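Each chain is listed here by its residues.
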Amino acid sequence: MYGSQNQGGGSRSNNLVVPQANAALQQLKMEAAQELGVTIPQDGYYGNYTSRETGSLGGYITKRLVQIAEQQLSGRS
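Calculation criteria
Residues numbered from 1 in each chain as written. Predicted model: local features only at pLDDT ≥ 70, side-chain atom pairs only at ≥ 80, totals over all residues. Heavy atoms only, no water. Helix = DSSP H or I, 4+ residues; strand = E, 2+ residues; numbered from the N terminus. Buried < 20%, exposed > 50% of the residue type's maximum accessible area, 1.4 Å probe, protein only. Contact = heavy atoms within 4.5 Å. Areas by Shrake-Rupley, 256 points an atom, 1.4 Å probe, with all protein chains shown as cover. Core = buried A, V, L, I, M, F, W, Y, C linked by side-chain atoms within 4.5 Å. Phe/Tyr/Trp six-rings, centres within 6.5 Å; stacked < 30°, edge-to-face > 60°. Expected span 1.5 Å × (residues − 1). Arc of directions from axis to C-beta.

**What about the overall build of the chain?**
For the chain, the helix and strand inventory stands at two helices and zero strands. Looking at the chain as a whole, 12% of its 77 residues qualify as buried. Excluding contacts between residues fewer than 6 apart, the proportion of contacts in the chain whose partners are at least 24 apart in sequence is 41%. Of the roughly 6300 Å² of accessible surface on the chain, a fraction of 51% belongs to carbon and sulfur atoms.

Put into structure tokens, the structure is as follows:
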């Protein structure tokens, strides 16, 4: 079926460059969702969420990852 592989928990097209970072990224996702008041779906299906909800979550995670990288590059912890 057209496009069905990425819906409802099918195969993912975004593979981690560093698979060991998965736990830290999941923790960051949970923290971001809690701060933004977005509930993470237990089954991993985001189809019932608005673009605003998923976009704000993704934007927040990206912002935090950039902050972490900037801190590491500047030598701060």
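And the narrative resumes.
**Overview of the nonpolar core**
One finds Leu28, Ala32, Ala33, Ile40, Leu57, Tyr60 and Ile61 forming the largest nonpolar core, which totals seven residues. Listing elements by their share of this core, those giving two or more residues are α1 (22-36) and α2 (51-74). When near neighbours in sequence (up to four residues on either side) are disregarded, Ala33 contacts Val38, Ile40 and Leu57.

**Remarks on the packing of aromatic side chains**
Under the counting rule described, the total for this entry stands at one aromatic pair. Aromatic side chains Tyr46 and Tyr49 sit 5.6 Å apart centroid to centroid with 50° between the ring planes, which places their arrangement in the tilted category. Under the relative-accessibility criterion, Tyr49 is labelled partly exposed at 22%.

**Things to note about α1**
Given 3.6 residues per turn, any residue in an α-helix points the same way as the ones three and four places further on. When the terminal C-alpha atoms of α1 are compared, their 21 Å separation across 15 residues agrees well with the 21 Å that a helix rising 1.5 Å per residue should span. Burial in α1 covers these residues: Leu28, Ala32 and Ala33. For α1, the angular spread of buried residues about the axis comes to 135°, placing them on one side. The exposed set on the far side of α1, more than 90 degrees from its buried face, consists of Ala23 and Gln34. Looking at the packing, one finds that the buried side of α1 touches α2.

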